Every structure is written in C-alpha cells, then in structure tokens.
Amino acid sequence: MTGHRVTTLILGAGAAGLMCAAHAGPDTLVIDHAKAPGEKIRISGGGRCNFTNLGTAPENFLSENPHFAKSALSRYTQWDFLDLLARHRIPWHEKTLGQLFCDRSAKDIIQMLLAEMQPADLWLNSSVEDIRHDGTEFAIRLIREGRPVTVIARNLVVATGGKSIPKMGASALGYQIAEQFGHRLTDTRPALVPLTFNEEIKAGFAALSGTAVDTRITCNGASFEEAMLFTHRGLSGPAILQISSYWREGDRLSVHLRPDQDIFGWLRDRRMAEGGKAIGTHLAEILPRKLARHLAAELGLSGNLADLSDTALRGLADALTAWELTPTSSEGYRTAEVTLGGVATDQVSSKAMESQRVPGLYLIGEVMDVTGWLGGYNFQWAWASGAAAGRAI
Ligand code: FDA
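By the naming in an unreviewed UniProt entry, the protein is NAD(P)/FAD-dependent oxidoreductase, taken from Rhodophyticola porphyridii. Database annotation for the protein, UniProt heading Cofactor (unreviewed entry): "FAD".

If you want it as structure tokens, here you go:
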C-alpha cells in the first residue's frame, strides 16, 4: 500500500485519543475533524474540567459487562492522573463527592496532554473518507484541509467518542468503523441528561421552574443523593443527570425529599411546638417555599398541623419521602454529557483495548460500551482506556 506511513494512527484528538498518543510510540499520528483538540475537555466542568474522581471504582460504570472496565481502571488510576498533574504543576481542588477540578482552566489539561504526546503528530481539520485493512496494515483515506491524503498504519485506534453534542463534532464514525470490522454494538441512548415532561405535566410544574431541592432519587435499583432542579422543560440537577442513565421511557422516579431529615419525627416535633400554624408554612421551613406550596396543593393539605393525627402525619411523611414523578422523555444528545452503550465489550481485550477480530485495531474511550456516573468518572475511563491501548501498542 502507498501513502503517508506511520506505526499508529489515532482517530480523535479528545480525552482518550490524546492520552493514548502520550503512551504510544513516537511514530504516531492523531487526526481530528475539529479545528482544535480536546474540545469536550475545554467545555467540561463549566470550563474547569472535572478530570477525575477520588473514589473511582468499577461500580461507578455501566456496561453490558460490568467487569470489563476493571483491568484498565486498575492499571491507570486516578492517582496516576494526579501524578501527571503534579509533574506539570497544574493546581486542582476537590469540589464535592471526590470530584476534582482544575483551579485555573480546563485548558491546562489540554496543554498537558499535547505536551505529553510529543513527538507524535496532530492533524486537525481532517476527515475520514474510507478505511481498508489488508490483513496487516490499515489504509485510511482522508481529506486534510481540503486535500486528499492516504495514511498507512499498522495500528488504528478509534477514539472518536460518543454521540452527544453533535454541534461540537460528535459523529457516529467510531460505531461505523467497529461495525465495518464485525463488532457488535449495544443499544445507545443519551445519558447524564436532563429529563423532560409532556405539555400536560409541564403545565402542572410551571411555577416550580428554577427551584432546587436536596433529594435521594431511586429508579430501577439505582439511587443518588444530590440536588434536583425543576426546569422549564422538566427536571435537571445532578441527581436527575445521574438517574437518567438508569431511567427508561415509562419509568417512574421515586423522589425522597430532604433525605437528611427524619421527616415524620420533625413533623411531630413541629406539631407539638407550633401546631397552630398552617401545614404549608411548616413545610416551607424544610423545602423551598414554591415546592411546599405545590405539594400542599397536590396532597390536598389544608388547615393546621395540630389537626393531623399520627397516622395522617405518617401519610404526609411517606408522601414526601416517596414522591413519584414520571418524566416522559429526555433532552437527547443535544445536551447529554455522554452516550450510554456503544461497541460491545465481548470482542475487545479489556487489558489492551485491542479488537479480537482485527489485530491492530483498538477502541477506547466513550465509543466503547462503558459509561461512567457524573463526577469525573468518564474522563477517568478515557485516561485509563487510552493509556491501556497506548502501552499495549
Ligand atoms: P471525546 O468526545 O473527548 O473525543 C472524540 C474526538 O473525536 C473529538 O475531538 C471529535 O472531534 C473527534 N471525532 C469525532 N468524530 C470524528 C470524525 N468523524 N472524524 C474525525 N474526528 C472525529 N466527563 C467527566 O468525566 N467530567 C466532566 O466534567 C465532564 N463534563 C462534560 C461536559 C459536557 C458538556 C459534555 C458533553 C461531556 C462531559 N463529560 C465529562 C464527558 C466527557 O467529555 C467524555 O466522556 C469524554 O470526553 C470522552 O472522551 P473520548 O476521547 O472518548 O471522546
């Protein structure tokens, strides 16, 4: 085959691709159709990139095979990434729940990865036209800055990410390449995404838009204790983004309001202390006022707390700790942080991230059927799977 020869071609200059380039040999070329590398890193974490989580463990990931991520995660850990930051003198801080962010800017991470991948080459504004494999080498036909080029490579690393935020360059290329070489795809759907209500339900919650409340949300066996936010479309906030990976159309969410509080005990105490006050007034002490008003109306609560028997108080506490909400849809890939599902893990080596169908083909990062929780886990998977492939090459 003739063309521009390299040992390794990495498709995608995102988190996983750049980390892979940092570990692969010097004769490596990274290509991306975007104008700049690491665009999702740049916008992540409100511009400060939640680059890992101190508590990263395989349990924080969803996959058809929950064991698949273990190998890569154990061989490139959150501590390895922190060592890398220390070498580059990048300051960081923990925000909450083990989530680590840059003190200055996510651009620090991009600069660090670009420095680490030296002397590998990076071609931007390059799109893939066609990929062939002759049993030994890959021939990749590209259009680079408007001109056709063929690259010949022994190793091809697919690091093209998931489908979320198409406006930022997300494409289905990685899934197409996997299928071209006989890999199975699992069902994909938007995850870490706000959920929406239909028009009728939305109208009932209109007054709550902008209201946030601490919750524990449960759905399909998963529970997350974080804030929930009512929006003009439906529900958002970290608790909702987390549970969206477990929720399916038609499922109800069970919402435990104020999980830090023994609500029944508190209601009884309030009845004793100030039973002459309206129930809604009491609820507004532990819940945002608008939400307290909404719940009082929804539950048909009127009169004073002193009017309620223990049984009625218990019923009220149960209603507040198992409030049922039924979203109808999600905001989709337009706002989803990640894609749930992807290239099935069963024909990919968990140690090297190499295809077991086509030697020399590697699949890393979000394109794989490995999806992390909110909180830095998805970047840690990108670093770990990228390092695994780079070291194996
Ligand atoms: P990534 O998407 O990073 O890179 C893929 C690259 O491939 C891109 O550069 C793209 O341009 C390129 N590409 C795609 N198609 C191509 C084609 N056809 N030809 C050439 N190039 C192509 N995670 C986390 O852990 N902490 C956080 O704070 C956040 N925050 C966050 C915010 C927002 C708004 C989003 C959308 C996502 C996050 N994430 C996150 C998720 C995280 O960004 C994501 O999981 C990783 O970037 C995945 O890394 P990859 O390298 O697999 O894909």
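Visitor: Tell me about the pairing of strand S1 (residues 4-11), and name the residues and values.
Guide: Direction of pairing for S1 relative to strand S10 (residues 147-158): parallel, over a ladder of seven bridges. Residue Arg5 lies in a different strand from S10, and its bridge partner there is Ile152. Examined bridge by bridge, S1 and strand S2 (residues 28-31) share four bridges and lie parallel to one another. Bridge pairing in S2 places Leu11 opposite Ile31. The handedness of the S1 to S2 crossover, carried by helix H1 (residues 15-23), is right-handed.

Visitor: Provide a residue-level description of the nonpolar core, including the pertinent values.
Guide: Counting residues in hydrophobic clusters, the biggest one holds 73 residues, and the most contacted among them are Leu9, Phe51, Phe81, Ile109, Met368, Trp381 and Trp383. If you tally residues by element for this core, the top one is helix H13 (residues 377-392), at nine residues. Those residues in contact with Phe81, other than ones at most four positions away along the chain, are Met19, Phe51, Tyr76, Ile109, Met112, Gln380 and Trp383. Listed in part, the 47 residues of the second largest apolar core include Leu192, Val255, Ile279 and Leu316.

Visitor: Account for the sheet that holds strand S13 (residues 212-219), with residues named and values stated.
Guide: Strand order in this open sheet of seven strands is S17-S16-S13-S14-S15-S12-S18, and the pairing throughout is antiparallel. In this open sheet, the two strands that pair with only one neighbour each are strand S17 (323-325) and strand S18 (329-330). Judged from the three bridges that link them, strand S16 (residues 253-257) and S17 form a sheet pairing that is antiparallel. Note that in S17 the partner of Ser254 across the bridge is Glu324. Each of S16 and S17 touches helix H12 (residues 310-321); the most contacted strand, S16, lies at about 120 degrees to it.

Visitor: Residue-level account of the pattern of salt bridges, with values.
Guide: Considering all chains together, one arrives at 18 salt bridges under this definition. Between Arg184 and Asp346 there is a salt bridge, with its nearest N and O atoms 2.9 Å apart. One end of the pair, Arg184, is in the loop between helix H6 (173-180) and strand S11 (189-191); the other, Asp346, is in the loop between strand S19 (338-340) and strand S20 (361-363), with 162 residues separating them in the sequence. Residue class for Arg184 comes out partly exposed when judged on its relative accessible area of 36%. A salt bridge links Arg189 to Glu249, with the shortest nitrogen-to-oxygen separation between them at 3.2 Å.

Visitor: Lay out the sheet that holds strand S5 (residues 92-94) with the relevant residues and their values.
Guide: Pairing in this open sheet of three strands is antiparallel, and the strands run S3-S6-S5 from one edge to the other. In this open sheet, the two edge strands, each paired with only one partner strand, are strand S3 (50-53) and S5. Each adjacent strand pair in this sheet contributes to an overall mean axis angle of 30 degrees, direction not counted. Here S3 runs beside strand S6 (residues 99-102); their pairing, made up of three bridges, is antiparallel. The residue of S6 that forms the bridge with Thr52 is Leu100. Lying over the sheet, helix H4 (residues 78-87) contacts S3, S5 and S6, oriented at roughly 135 degrees with respect to S3.

Visitor: Could you give an account of the site of the ligand, with specific residues and numbers?
Guide: By nearness alone, 30 residues border the ligand, and Ala16, Asp32, Ser171, Glu366 and Phe379 come closest of all. A distance of 2.9 Å separates a nitrogen atom of the ligand from a polar backbone atom of Asn50. Relative to its unbound accessible area of 990 Å², the ligand is 92% covered by the protein chains. Within the residue set of the shell around the ligand, elements represented by two or more residues are H1, helix H2 (39-43) and H13. Ranked by residue count, the leading element in the shell around the ligand is H13, at four residues. Split by residue class, the shell around the ligand holds 12 nonpolar, 14 polar and four charged.

Visitor: Mind laying out the UniProt feature "domain: RsdA/BaiN/AoA(So)-like Rossmann fold-like" (unreviewed entry) in the protein, listing which residues take part and the relevant values?
Guide: When the UniProt feature table is mapped onto this chain numbering, "domain: RsdA/BaiN/AoA(So)-like Rossmann fold-like" (unreviewed entry) sits at residues 8-391. Along residues 8-391 the backbone is 31% helical and 24% strand, and the end-to-end C-alpha distance reaches 12 Å.

Reading the values: the criteria
- Residues numbered from 1 in each chain as written.
- Predicted model: local features only at pLDDT ≥ 70, side-chain atom pairs only at ≥ 80, totals over all residues.
- Heavy atoms only, no water.
- UniProt positions renumbered as here; feature names shortened; annotations may be inferred.
- Pairing = 2+ DSSP bridges.
- Helix = DSSP H or I, 4+ residues; strand = E, 2+ residues; numbered from the N terminus.
- Right-handed = clockwise from strand over helix to strand, strands pointing away.
- Core = buried A, V, L, I, M, F, W, Y, C linked by side-chain atoms within 4.5 Å.
- Buried < 20%, exposed > 50% of the residue type's maximum accessible area, 1.4 Å probe, protein only.
- Contact = heavy atoms within 4.5 Å.
- Axes fitted to C-alpha atoms, helices over the stretch in contact; angles between N-to-C directions.
- Salt bridge = Lys/Arg side-chain N within 4 Å of Asp/Glu carboxyl O.
- Near = heavy atom within 4 Å.
- Polar contact = N/O pair within 3.5 Å; in protein donor to acceptor, adjacent residues only side chain to side chain.
- Areas by Shrake-Rupley, 256 points an atom, 1.4 Å probe, with all protein chains shown as cover.
- Nonpolar A, V, L, I, M, F, W, Y, C, P; charged D, E, K, R; others polar.

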